[in-house]
Amino acid sequence: MLKVKPIQDKEVQRQMCLLCNIEYNSEHFCYGGYVDDVLYAVCQFYLNGEYGFIDEIALVPGQSNDQILTLIGRSALSFIDFCGVHKALYLGDNTDIARSLGFKGEDGRLSMQLTAHTCG
């Protein structure tokens, strides 16, 4: 089963980033992507003003699963949108996953307009 979980323990986040060869930032949010309770992917992201920034989405070395990459990316984008931030930028090296999530090149960067959630 595929699962995405927020990582609230900063030491666990640091270890996950180290495992996935991405730069750890204690100020960023972090999600872990799991397949049958085995860590497959990590996503670090943050909000700043009118933008949400996905710092990186990375697979654990030796793992391969496009579905978990999509799920973890969509989860981060949903959280950003839910927080009232409706523009996102992708800063990471994995531009293939960024483009598959819907990011488009604009002014030399990958960006996306998010749709605001409305109730009722």
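Please refer to the structure higher up on the page.
Note that the structure is a prediction, hence the values are computed from the model and not measured.

Colleague: Where do I start with the overall build of the chain in this structure?
Modeller: Within the chain, the secondary structure is distributed over 3 helices and 7 strands. Since a compact globule built from 120 residues should have a radius of gyration of about 14 Å, the 14 Å found for the chain is in line with a globular shape. Its C-alpha atoms give the chain principal-axis dimensions of roughly 35 × 35 × 30 Å. Residue burial in the chain is summarised as follows: out of 120 residues, 41% are buried. Of the contacts formed within the chain by residues at least 6 apart in sequence, a portion of 57% connects residues at least 24 apart. Entry remark: accessible area of the chain is about 6800 Å², with carbon and sulfur atoms responsible for 49%.

Colleague: Explain the side chain of Glu-56 here, please?
Modeller: Inspection of the secondary structure puts Glu-56 in strand β4 (residues 51–59). For the buried Glu-56, no salt bridge is present, and the opposite-charge side chain at shortest range is Arg-99, 12 Å distant. Engagement of the side chain of Glu-56 in a polar contact is seen with the side chain of Tyr-90, the distance being 2.7 Å. With residues up to four places along the chain from it excluded, the contact list for Glu-56 reads Ile-22, Val-42, Cys-43, Gln-44, Tyr-90, Gly-92, Asp-93 and Asn-94.

Colleague: Honestly, the packing of aromatic side chains in this entry has me stumped. Any pointers?
Modeller: Any two aromatic rings considered together are summarised by their centre-to-centre distance and by the angle between their planes. Taken as a whole and assessed by the stated rule, the structure comprises 7 aromatic pairs. Summarising the aromatic geometry, the rings of Phe-29 and Phe-45 are spaced 5.4 Å apart at their centres and angled 25 degrees between planes, so their arrangement reads as stacked. With Phe-29 in strand β2 (residues 29–35) and Phe-45 in strand β3 (residues 38–48), the pair connects residues that are 16 residues apart, well separated along the chain. Phe-29 gets classed as partly exposed once you look at its relative accessible area, which sits at 39%. Through successive ring pairs, a cluster of aromatic residues spans Phe-29, Tyr-31, Phe-45 and Phe-79. Sitting over the face of the ring of Tyr-34, Lys-5 holds its NZ or CZ atom 4.6 Å from the ring centroid.

Colleague: Help me understand the side chain of Asn-65, please; the structure alone is not making it clear to me.
Modeller: Checked against the element boundaries, Asn-65 lands in the loop between β4 and α2 (66–82). In terms of polar contacts, Asn-65 uses its side chain to reach the backbone amide nitrogen of Gln-67, at 2.9 Å. Of the polar contacts made by the side chain of Asn-65, one reaches the backbone nitrogen of Ile-68; its length is 2.8 Å.

Analysis parameters
Once a new chain begins, its residue numbering starts again from 1 and follows that chain's sequence as written. Reporting of local features is limited, given that this is a predicted model, to residues whose pLDDT is at least 70; pairs of side-chain atoms are given and counted only at 80 or more, and all residues count toward the totals for whole chains, interfaces and linings. Think of the side-chain values as coming from all heavy atoms in the structure, minus any hydrogens and water. Every helix listed is a DSSP run of H or I at least four residues long, and every strand listed is a run of E at least two residues long, numbered separately from the N terminus. Each radius of gyration is computed over the set of C-alpha atoms, and the globule rule expresses the reference value as 2.2 Å times the number of residues to the power 0.38. Think of it in three bands: residues with accessible area under 20% of the maximum for their type are buried, residues over 50% are exposed, and the middle band is partly exposed, with areas taken using a 1.4 Å probe on protein chains only. The contact rule is simple, with two residues in contact once any of their heavy atoms fall within 4.5 Å. Here the Shrake-Rupley method, with its probe set to 1.4 Å, supplies the accessible areas, and only the displayed protein chains count as covering residues. Positive residues here are Lys and Arg, negative ones are Asp and Glu, while His and the chain termini are left out of the count. A carboxyl oxygen of Asp or Glu within 4 Å of a side-chain nitrogen of Lys or Arg is what we treat as a salt bridge. In the analysis that follows, any N or O atom pair within 3.5 Å is treated as a polar contact, provided that within protein one partner can donate a hydrogen and the other can accept it, and provided that, for residues neighboring in sequence, both atoms belong to side chains. The criterion for an aromatic pair is that two Phe, Tyr or Trp rings (for Trp, the six-membered ring) have centres within 6.5 Å, with stacked assigned to planes under 30 degrees apart, edge-to-face to planes over 60 apart and tilted to the rest. In this scheme, the term charge over a ring applies when either NZ of a lysine or CZ of an arginine sits within 6 Å of the ring centre and within 35 degrees of the ring normal.

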